Amino acid sequence: MESNNRYDEEYEVQYKAHWKKLQQALEHEKIEEFRDEFLDMHPYDQAKFFMEQEKAYRMQIYTYLSPEELGDVMENVDLEDTTFIVAEMDPRMSSMMLSEMSADNAVDILNELDKDQVASLLTIMDKEAADEIKQLLHYEEKTAGSIMTTEFVSTYKHYTADQTMKLLKEEAPDAETIYYLYVVDEDKRLVGVLSLRDLIVASEETLVEEMMNEKIVAVSVAKDQEEVAQMIRDYDFLAVPVVDFQDHLLGIITVDDILDVMEEEASEDYSRLAGVTEATRHADSALVTARKRLPWLVILLFLGMFTASLIGRFEQTLEQVAVLAIFIPLIAGMAGNTGTQALAVAVRGLATGDYGKQGKTKLILREAVTGLITGAVCGIVITLVIYLWKGDIFLGLLVGISILATLIVATLAGSLVPIIMDRFNIDPAVASGPFITTINDIISILIYFGMATAFMGLLT
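Note that this is a predicted model, so its numbers are computed, not measured.

Regarding the overall build of the chain
- Counting its regular elements, the chain contains 23 helices and six strands.
- Per-residue burial for the chain yields a buried fraction of 42% across its 460 residues.
- Counting only contacts in the chain whose residues sit at least 6 apart along the sequence, the fraction spanning at least 24 positions is 66%.
- For the chain, the accessible surface area stands at approximately 25,100 Å², while carbon and sulfur atoms represent 56% of it.

This is how it looks when you write it as structure tokens:
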């Protein structure tokens, strides 16, 4: 452990020294020195250094690097930052850079731009690269087609191992991955997959069809990217082929693209759970951020007004037993917390595909029992606390039983609402935490004051 810490410290010292040299070379316009230092860094570190520079220094870097080198940097920059970077670059440099990037990564960047910018860049781009990118741009966003790459190695089943190895050497420099080779027939239909290991150990005369695995797991070009991510996770694939409805091989999706998808989906689900329609970007202005958050907040405002009017209906009960008002925040807060916990478990399970039809039933039953147990424990504890505090056993029982009933209903609501939404093909993450919390506030107040009104005689 100590040796690891020592290594981390040494690396940090070297990293800072490297960074300082780069900054000095940039400030003194020493192009060759900058290039030597910069290109010696990992692309991730290059992107990190690049993004911390002021615009004037970034403009220098554009002139110091080739389009291919800039493409390597851009592939490690957050997508949300690519808009202003492409805008400040010379359009010809932008188009050449995009031409040098992997087609799928170039498409990701272009999807962040407006249509006029995309059209302009494609017009001045290298024709071959532009045609490849246009093919991917036609696919609907968040589908397998939109995240696949066309840079893969395919071979024919009638080829020998020797022919395939020669083909691999020719195409490997431009391929996204070479660990799998995809086998097609004369009509470009996917018929098998061949691992690099099997190809290397095979004799030169062995036919591909004798080595290939015919048990293919492929995805449709229209399949949702989240389902593709689940498939790659379940099968532990490094890549998965993408086919059309006639099984023609169109591209592949690699695990690095899936990691981006998982991050994107997790960010999206988290923002919706927080009651935000889409994730706030750090580059967004206060006005843009407010516009994104306002829709949910306005809805919750009206729900809150309904909650307030609901309390007003029990004004007579409150006048007779004013002490009841003390425990409103307690019961409402417990309902909101419990409901949000159940909601998070349900949404995560639905997002990862862990629940089948029977799994959903088990989830609901488990949450109901969980609500019963937690409600009973909290109810007993609060009953004893109120009795010792206020000396009123009936008040303690009222609050305790209210919490018991509220926690059962809140956990059920937190698990049922997303399941019902999923059943109607609505994103369950839309059942956001603030929404569930407000709904449970209403339910808890109805339970609490309903019981208080019914047993008023025991309290007065």
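Don't stop here, the text continues.
Some remarks on a negative patch on the surface
- Together, Glu-68, Asp-72, Glu-75, Asp-78, Glu-100, Asp-126, Glu-128, Asp-256, Asp-260 and Glu-263 line one region of the surface with negative charge.
- By the element assignment, Asp-126 lies in the loop between helix 9 (115-124) and helix 10 (127-137).

Thoughts on the side chain of Ser-146
- Tracing the sequence through the fold places Ser-146 in helix 11 (residues 144-147).
- Relative accessible area serves as the criterion here: at 6%, Ser-146 is assigned to the buried category.
- A polar contact of 3.2 Å, which involves the side chain of Ser-146, links it to the backbone nitrogen of Lys-142.
- Beyond its immediate stretch of four places on either side in the chain, Ser-146 contacts Val-107, Asp-108, Leu-136, Tyr-139, Glu-140 and Glu-141.

Quick notes on the nonpolar core
- Among the nonpolar cores identified, the biggest contains 54 residues, and Phe-34, Phe-49, Leu-98 and Ile-253 are the most heavily contacted of them.
- Looking at this core element by element, the count peaks at five residues for helix 8 (residues 103-110).
- Once residues within four sequence positions are removed from consideration, Leu-98 is found in contact with Ala-106, Ile-109, Leu-110, Leu-121, Met-125 and Ile-133.
- Phe-314, Ile-386, Leu-395 and Ile-447 belong to the second largest nonpolar core, which has 21 residues in total.

Details of the pairing of strand 2 (residues 180-184)
- Strand 2 sits mainly inside the fold: four of its five residues count as buried.
- As a crossover connection, the stretch from strand 1 (residues 154-156) through helix 12 (residues 161-171) into strand 2 is right-handed.
- Inspection of the sheet shows strand 2 paired to strand 3 (residues 190-195) by five bridges, in the antiparallel sense. Note on strand 3: the bridge partner recorded for Val-184 is Leu-190.

Structural notes on the pattern of salt bridges
- Here the structure, examined in full by the defined rule, presents eight salt bridges.
- The partner of Glu-69 in a salt bridge is Arg-35, and the shortest N-O contact between them spans 2.8 Å. With Glu-69 in helix 5 (residues 67-74) and Arg-35 in helix 2 (residues 31-39), this residue pair connects regions lying 34 residues apart in the sequence. Across the pair, Arg-35 and Glu-69 agree in class, each one buried.
- Measuring nitrogen to oxygen at the nearest pair gives 3.3 Å for the salt bridge that ties Asp-187 to Arg-189.

Section: the sheet that holds strand 4 (residues 219-220)
- Spatial strand order, 4-5-6: three strands in an open sheet with mixed pairing. In the strand order of this sheet, the two ends are held by strand 4 and strand 6 (249-254), each with one partner.
- The strands touched by helix 15 (residues 225-235) within the sheet are strand 4, strand 5 (239-243) and strand 6, with strand 5 carrying the most contacts at an inclination of about 140°.

So, the layout of surface pockets
- In this model, the second largest pocket occupies a volume close to 800 Å³.
- Lining the second largest pocket we find 25 residues, and of these Met-101, Ser-102, Glu-132, Glu-151 and Asp-174 sit closest to its centre.
- Elements supplying a minimum of two residues to the lining of the second largest pocket: helix 5, helix 7 (91-100) and helix 10.

Some remarks on the side chain of Thr-177
- Assignment of secondary structure puts Thr-177 in the loop between helix 12 and strand 2.
- Looking at Thr-177, its side chain comes within polar contact range of the main-chain nitrogen of Tyr-179, at 3.4 Å.
- In this view, Thr-177 contacts Glu-151, Ala-239, Ile-252 and Thr-254; residues no more than four positions away in its chain are not counted.

A word on the sheet that holds strand 3
- Here three strands make up an open sheet; going across it, the order is 1-2-3 and the pairing mixed. On the outer flanks of this sheet lie strand 1 and strand 3, each paired with one strand and no other. Between one strand axis and the next, the sheet turns through 35° on average, direction left out of account.

With respect to the environment of Gly-145
- Take Gly-145: it is sitting in helix 11.
- Judged by its relative accessible area of 0%, Gly-145 falls in the buried class.
- When the C-alpha positions of Gly-145 and Ala-222 are compared, they lie 6.3 Å apart, and in sequence the two are 77 residues distant.
- In contact with Gly-145, not counting residues within four places along its chain, are Leu-136, Tyr-139 and Val-221.

Thoughts on the packing of aromatic side chains
- Taken as a whole and judged by the stated rule, the model has eleven aromatic pairs.
- Centroid distance Phe-152 to Tyr-182: 6.4 Å. Interplanar angle 85°. Geometry classified as edge-to-face. Residue Phe-152 is located in the loop between helix 11 and strand 1, and its partner Tyr-182 is located in strand 2; the two are separated by 30 residues in the primary sequence. In this structure, Phe-152 and Tyr-182 share a single accessibility class: buried.
- Taken together through their ring pairs, the aromatic side chains of Trp-19, Phe-34, Phe-38, Phe-49 and Tyr-64 make up a single cluster.
- In this structure, Lys-390 packs its charged tip against the face of Trp-389, placed 4.4 Å from the ring centre.

Rules used throughout
- Residues numbered from 1 in each chain as written.
- Predicted model: local features only at pLDDT ≥ 70, side-chain atom pairs only at ≥ 80, totals over all residues.
- Heavy atoms only, no water.
- Helix = DSSP H or I, 4+ residues; strand = E, 2+ residues; numbered from the N terminus.
- Buried < 20%, exposed > 50% of the residue type's maximum accessible area, 1.4 Å probe, protein only.
- Contact = heavy atoms within 4.5 Å.
- Areas by Shrake-Rupley, 256 points an atom, 1.4 Å probe, with all protein chains shown as cover.
- Patch = residues over 30% accessible without salt bridge, like charges linked within 9 Å, V, L, I, M, F, W, Y side chains within 5 Å.
- Salt bridge = Lys/Arg side-chain N within 4 Å of Asp/Glu carboxyl O.
- Lys, Arg positive; Asp, Glu negative; His and termini not counted.
- Charge placed at Lys NZ, Arg CZ, Asp CG, Glu CD.
- Polar contact = N/O pair within 3.5 Å; in protein donor to acceptor, adjacent residues only side chain to side chain.
- Core = buried A, V, L, I, M, F, W, Y, C linked by side-chain atoms within 4.5 Å.
- Right-handed = clockwise from strand over helix to strand, strands pointing away.
- Pairing = 2+ DSSP bridges.
- Axes fitted to C-alpha atoms, helices over the stretch in contact; angles between N-to-C directions.
- 1 Å grid on protein atoms, 1.4 Å probe; cavity = no way out; pocket = protein on both sides within 12 Å on 5 of 7 lines; lining within 4 Å.
- Points joined across faces, edges and corners; volume = space filled by probe spheres on them.
- Phe/Tyr/Trp six-rings, centres within 6.5 Å; stacked < 30°, edge-to-face > 60°.
- Lys NZ or Arg CZ within 6 Å of the ring centre and 35° of its normal.

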